[in-house]
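These are the residues of each chain, in order.
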Amino acid sequence: MIKIVLSAIALALGILTAFSLDLSITWTVVASAGLWIAYMAAFVALFFLFIFLVTLPVSKKKEVHKFNKTYRNILAFACDLILALFGVKVKVIGADKVTVPDGNIIITCNHRSNLDSLIVDKFFRKKPLIFYAKRSLFKIPLVGKLIHQTGYISLERDNPRKDYLAITKGIDWLTNQEVSVGLFPEGTRAKTLDVLDFKEGCLHLATKTHLPIIVTCLSGTEKVNDGLLFKRHKVTYKIIDCLYYDDYKDLSKSELATLLRSKIVSSLNEIEGRSAT
């Protein structure tokens, strides 16, 4: 929708500008197309300039202790713009069969692309939502400051102590604040279509807070980098199940990890028409 609106505005401005120059029909068409591209580029540039200005006073060294709705809204618009520019069309399935409970939840999903969190965030836009993210994402210009100020929690796989503190912070936020948390339990992007083994440590978030776990999966995001700006990319996001505490309270973290992974693998096999692995 964002891309359509911006394109319509840019095209209208391009046509009006071309006609105002009193050009022939052929050159009006050429000028309109060129001006449409120029206006679109200007809109995008102005938006990222806006992000730069609002994040200018943000220090990534200062720890965030509370979810920030304002920065989440800015980040949400940025996510929508990026998905639109990359031509990502998301088909959501399963939402009519799985009821997402009110209040705080934990969202799990497989991980194939840097765009995964953008898509998950888009579906759960009505909830205050943060993600666990690897430290390198916080170093990305503009985006790093946005996710930091929103409240995203940094993970450092090579530093067990900081990883432990990150999990503890997530438990504290889920318990004492109005916030939900998104997880990619594989811990890193899978380089193939296979789902990697789940890291059990992150499941402390569920076993310690007793919150519902929404099981989801993504298919197709691994193809987005192929013709990034010049193709339309179809992605499927499936809401698989909702596990309440009574559904997993008797499971060990290892058993819970196996259960979550098996649900995701089964759904991906169904979506992609592959045999069980």
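Refer to the structure printed above.
What counts, and where the lines are drawn
Residue positions are given per chain, counting from 1 as you read along its sequence in written order. With the structure being a predicted model, the display of local features is reserved for residues of pLDDT at least 70 and the display and counting of side-chain atom pairs for 80 or more, all residues being used for whole-chain, interface and lining totals. As a convention, hydrogens and water are excluded, and side-chain values are obtained from all of the structure's heavy atoms. The helix and strand labels rest on DSSP assignments: H or I over at least four residues marks a helix, E over at least two residues marks a strand, and numbering proceeds from the N terminus. Note on contacts: a residue pair is in contact if any heavy atoms of the two residues lie within 4.5 Å. Two strands pair if DSSP finds at least two bridges between them. Axis lines are fitted to C-alpha atoms, over the contacting stretch for helices. Their N-to-C directions set the angle, which ranges from 0 to 180 degrees. Burial classes: relative accessible area under 20% of the type maximum marks a residue as buried, over 50% as exposed, and values in between as partly exposed (1.4 Å probe, protein chains only). One speaks of a salt bridge when a side-chain nitrogen belonging to Lys or Arg is within 4 Å of a carboxyl oxygen belonging to Asp or Glu. Pairs were defined over the aromatic rings of Phe, Tyr and Trp, the Trp ring being its six-membered one, requiring ring centres within 6.5 Å. Orientation was assigned from the angle between planes: stacked under 30 degrees, edge-to-face over 60, tilted for the rest. Patch building starts from residues that exceed 30% relative accessible area and form no salt bridge, then joins like charges within 9 Å and nonpolar side chains (Val, Leu, Ile, Met, Phe, Trp, Tyr) within 5 Å. Each accessible area is a Shrake-Rupley result for a 1.4 Å probe, and residues are judged covered by the shown protein chains and nothing else. To sort the angles, those under 35 degrees are grouped as roughly parallel, those over 145 as roughly antiparallel, those from 65 to 115 as roughly perpendicular, and the leftovers as oblique. Take the far helix as your reference; a near helix turned counterclockwise from it by less than a right angle gives a left-handed crossing, and one turned clockwise gives a right-handed crossing. Residue polarity follows a fixed list, in which Ala, Val, Leu, Ile, Met, Phe, Trp, Tyr, Cys and Pro are nonpolar, Asp, Glu, Lys and Arg are charged, and the others, Gly among them, are polar.

K.L.:
Kindly report on the environment of Tyr-248, identifying the contributing residues and their values.
P.N.:
Note that Tyr-248 resides in helix α8 (residues 245-248). In this structure the C-alpha to C-alpha distance between Tyr-248 and His-210, which are 38 residues apart in sequence, comes to 9.1 Å. Excluding residues that lie within four positions of it along the chain, Tyr-248 makes contacts with Ala-206, Thr-207, His-210, Leu-211, Ile-213, Leu-243 and Leu-256.

K.L.:
Tell me about the sheet that holds strand β4 (residues 153-155), residues and numbers included.
P.N.:
Picture the strands of a sheet paired through backbone hydrogen bonds; they go either parallel or antiparallel. One open sheet accounts for 7 strands, arranged β1-β7-β6-β2-β5-β3-β4; its pairing is mixed. Edge positions in the sheet fall to β1 (88-93) and β4, since each has one partner strand and no second. In this sheet, adjacent strand axes meet at a mean angle of 25° when their direction is disregarded. As defined by bridge partners, strand β2 (residues 106-108) adjoins strand β6 (residues 213-219) across 3 bridges and the pair is classed as parallel. Note that in β6 the partner of Ile-106 across the bridge is Ile-213.

K.L.:
Please give an account of helix α5 (residues 143-150) that cites residues and values.
P.N.:
Counting buried residues in α5 gives 6 out of 8 residues, a clear majority hidden from the surface. Where α5 ends, the next residue or the one after it, Gly-151, has phi of about 125°, a positive value.

K.L.:
Mind laying out the environment of Lys-208, listing which residues take part and the relevant values?
P.N.:
Tracing the chain through its elements places Lys-208 in helix α7 (residues 204-209). Between the alpha carbons of Lys-208 and Leu-174 there is a distance of 9.8 Å; along the sequence they are 34 residues apart.

K.L.:
Which residues make up the pattern of salt bridges, and what values go with them?
P.N.:
All told, the structure shown has 11 salt bridges when counted by the stated rule. Where Lys-122 meets Asp-80, a salt bridge forms, and the shortest distance between an N and an O atom there is 3.1 Å. Taken together, the residues Lys-122 in helix α4 (residues 116-123) and Asp-80 in helix α3 (residues 69-85) connect sequence positions 42 residues apart. What makes Lys-122 partly exposed here is its relative accessible area of 41%. Each member of the salt-bridge network shares a partner with another, and the members are Arg-72, Asp-80, Asp-121, Lys-122 and Arg-125.

K.L.:
So what's going on with the packing of aromatic side chains? Residues and values would help.
P.N.:
Throughout the structure, instances matching the rule amount to 5 aromatic pairs. Ring centres of Tyr-245 and Tyr-248 lie 5.4 Å apart, and the angle between their planes is 85°; on these two criteria the pair is classed as edge-to-face. Taken as a pair, Tyr-245 and Tyr-248 lie in helix α8 at a separation of 3 residues, close to a single helical turn. With a relative accessible area of 27%, Tyr-245 lands in the partly exposed category. Through pairs of rings, three or more aromatic residues link up here, namely Phe-123, Phe-124 and Tyr-237.

K.L.:
Requested: an account of a nonpolar patch on the surface, with residues and values cited.
P.N.:
There is a patch of nonpolar side chains on the surface, built from Leu-46, Leu-49, Phe-52, Leu-53 and Leu-56 and spanning about 490 Å² of accessible area. Position of Phe-52 relative to the elements: it lies in helix α2 (residues 25-55). The class for Phe-52 is partly exposed, based on a relative accessible area of 40%.

K.L.:
Explain the packing of α3 against α5 to me, and be specific about the residues and the numbers.
P.N.:
In a pair of packed helices, the angle between the axes and the distance between the axes together describe the arrangement. The N-to-C vectors of α3 and α5 enclose an angle of 140°; their axes lie 8 Å apart at closest approach. Viewed along their axes, α3 and α5 adopt a mutual orientation that is oblique. Considering only the axes of α3 and α5, their crossing is left-handed. Residues Tyr-71, Arg-72, Ile-74 and Leu-75 of α3 pack against Leu-146, Ile-147, Gln-149 and Thr-150 of α5. Within the contact of α3 with α5, the residues separate by chemical class into 5 nonpolar, 2 polar and 1 charged.

K.L.:
Quick rundown of the pairing of strand β3 (residues 129-134)? Include the residues and the values.
P.N.:
Of all 6 residues making up β3, 5 are buried, and the element is well covered by its neighbours. Bridge analysis of β3 against strand β5 (residues 180-183) gives 3 bridges, and the strand direction is parallel. Each bridged residue has a counterpart across the sheet, and for Ile-130 the counterpart in β5 is Val-181. When β3 meets β4, the two strands line up parallel, connected through 3 bridges. Across the sheet, residue Tyr-132 finds its bridge partner in β4, namely Ile-153.

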